[in-house]
Structures are given as structure tokens and as C-alpha cells.
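# Structural description and commentary
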Amino acid sequence: VIILGDLDPQTLTPEIQNEIRASVADRGALLVLVSGSRAMPHAFASDSPLAEIVPFTVQPRESYWQGPEKSFRLALTPTGQQHPVMLQSGSLLENEEIWNALPPFAWRLSVVAKPGAEILAVAQPENGEPEQVLTDVRQAAAHLEAIMQHRARHALIAAQQVGRGKVLGMAFDGTWRLRYRTGDTYHHRFWGQVMRWGLGERLRTGDGLVGQVAADN
């Protein structure tokens, strides 16, 4: 498992980036990329080895220290509602309630999910209109492309297969919010789920060390 935080190109040189890409694509490693306002991943060139395997591209801005909105909520997509990374409960209704109950987030990186990436969660601006579910077949067909583009532009958590491995990209740095008024229950489960999804049978059922590593990160 490779977890990258807000590191810059001086730390992650092209040689190191190539090693990471090879570990994922050829050896089946799991890469988790946590975006940051200082460098990750917007400071890396679009043709860099790292940028090639990240499941989203960064929208250019004058400053990345402020997000595109003052605050937002995390909203699961239909894919995310049943994705193993995002499952906090065996009940889909309870699972969605857990994510909806999180306090608002103040920062994210403005990104666009790449074609083929699985968008698990999007940023929903505070007081913004929720995504509408259209029941008329002709109307739904006409708006499907717009809905998918909206999700891609507001992607918060996205995943994709890269060769033999997997990459999970997070366009924010606030998973610590999962501890809000609950202790480490949801935070612990989230990172454990990330590792089990990314490594599958190689991790088997996990053990106490899995939770400790997750909590430390």
C-alpha cells in the first residue's frame, strides 16, 4: 500500500514516480493519493508518471489554498452507495445517513474525473440543490450526459484500475472529519475498507495491525 500526502515534485522525482507507477501497474500495489493545497497533485506536470495514473485531472486556478466554494458536503454517487470503500454499514440507508451526517468540509481541490474512473463521492455545496432523479425516460436520456459531467467536475473520491493495481484519488484532505463526535469508529472502518478493497484476497480478512496502520494515517 502506497499512501501519498501533500508531497511536491522535488520529493517525488520522476524516478520515484516511475517506481510507484510500476509498483501499481506491474506488481498490483494499491496507491492512495490524498490531495493537498501545497502541491499534490496540481504541482505535477500533466505528462508526469504520477499524473498519468491519478483518476482525475486538476482544474487550473490562481491559488489552490482556497477551494471552489466556502463549504460543501460529501454526497455519495449511485456507484459509491454500494462500493466497498464507502460502506460504513450493511444497511444502504444507514450507510447514506452516516455520510450525510458528517460536518461540512471547507477545502477541496477542483478536479475533473477522468473517463472510466469510478466516482464514489462528490462535493455538494452547502444549500445547493441535490442531484435530481428524472423519471421521464426521454428527459433522463437528454440530461444523462449533463449529470455525468457534473459528477466529474465535482468528484471528491474516485477510483480506477491501473494495470494489475488500483488507485484511489481523494480531492480533499478531510477524512479526519469521520472522527467528529464518534471517536475512531468510522475513520478506522474507512481506511480498513480502502485497504481491503485495494488488496483483496492478498489481505484476507486483516488483523489488528491493519486498523493501527489506518488510524496512524
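The structure reproduced in this document is the subject of the present report.

Basis of the calculations
- Residues numbered from 1 in each chain as written.
- Predicted model: local features only at pLDDT ≥ 70, side-chain atom pairs only at ≥ 80, totals over all residues.
- Heavy atoms only, no water.
- Helix = DSSP H or I, 4+ residues; strand = E, 2+ residues; numbered from the N terminus.
- Contact = heavy atoms within 4.5 Å.
- Areas by Shrake-Rupley, 256 points an atom, 1.4 Å probe, with all protein chains shown as cover.
- Core = buried A, V, L, I, M, F, W, Y, C linked by side-chain atoms within 4.5 Å.
- Buried < 20%, exposed > 50% of the residue type's maximum accessible area, 1.4 Å probe, protein only.
- Salt bridge = Lys/Arg side-chain N within 4 Å of Asp/Glu carboxyl O.
- Phe/Tyr/Trp six-rings, centres within 6.5 Å; stacked < 30°, edge-to-face > 60°.
- Pairing = 2+ DSSP bridges.

### Regarding the overall build of the chain
For the chain, the count of helices and strands is seven helices and eight strands. Counting contacts in the chain only where the partners sit at least 6 residues apart, residues at least 24 apart contribute 74% of the total. When the accessible surface of the chain is totalled, it reaches about 11,600 Å², and 51% of it is carbon and sulfur.

### Side note on the nonpolar core
Core analysis: the largest hydrophobic core is formed by 28 residues, its most contacted members being L4, L12, L31, M40, L50 and F56. Listing elements by their share of this core, those giving two or more residues are α1 (14–25), β2 (30–34), α2 (49–53), β5 (111–113), β6 (118–125) and β7 (155–162). The residues contacting F56, other than those within four sequence positions of it, are L33, S35, P41, V111, V112, A113, K114, A158, G169, M170 and A171. Within the second largest apolar cluster, 26 residues are counted, among which are V32, W99, M170 and L178.

### As for the side chain of S37
One can find S37 in the loop between β2 and α2. Setting aside residues no more than four positions away along its own chain, S37 makes contact with D6, H42, Y64, W65 and W107.

### A look at the environment of P9
The topology assignment puts P9 in the loop between β1 (2–4) and α1. Looking at P9, the relative accessible area reads 25%, which means it is partly exposed. Placed 39 residues apart in sequence, P9 and S48 show a C-alpha to C-alpha distance of 9.6 Å. If sequence neighbours within four positions are ignored, P9 has contacts with A43 and F44.

### Considerations on the pattern of salt bridges
Inspection of every chain in the model, using the stated rule, returns four salt bridges. One salt bridge connects D8 with R38, and the closest N-O pair in it is separated by 3.1 Å. Separated by 30 residues along the polypeptide, D8 in the loop between β1 and α1 and R38 in the loop between β2 and α2 bring together distant segments of the chain. We classify R38 as partly exposed; its relative accessible area is 43%. One salt bridge in this structure joins R108 and E69, with 2.7 Å as the shortest N-O distance. One end of the pair, R108, is in the loop between α4 (92–100) and β5; the other, E69, is in the loop between β3 (56–58) and β4 (72–76), and 39 residues separate them in sequence. Like E69, R108 is buried.

### Overview of the packing of aromatic side chains
Going through the model one piece at a time under the given rule, you end up with four aromatic pairs. When the centroid spacing of 5.6 Å and the interplanar angle of 20° are considered together, the rings of F72 and F105 count as stacked. With a gap of 33 residues between them, F72 in strand β4 and F105 in the loop between α4 and β5 connect regions that are remote in the sequence. Of the two residues examined, F72 and F105, each falls in the buried class. Between W99 and F190, the aromatic rings sit 6.2 Å apart at their centres with planes inclined by 80°, giving edge-to-face as the arrangement.

### Here we look at the pairing of β4
Burial runs high along β4: four of the five residues are buried. Across five bridges, the pairing between β4 and β6 is antiparallel. The partner of L74 across the bridge, within β6, is A123.

### A look at the pairing of β7
Within β7, seven of the eight residues are buried, which leaves the element mostly enclosed by the surrounding structure. Note: β6 against β7, four bridges, orientation antiparallel. Directly across from E118, in β7, lies its bridge partner A159. Pairing of β7 with strand β8 (residues 165–170), which is carried by six bridges, proceeds in the antiparallel orientation. Counted as the bridge partner of A159 is L168 from β8. Turn length for the β7-β8 hairpin, with the two strands adjacent in sequence and antiparallel, is two residues, and the turn residue G163 shows positive phi of about 60°.

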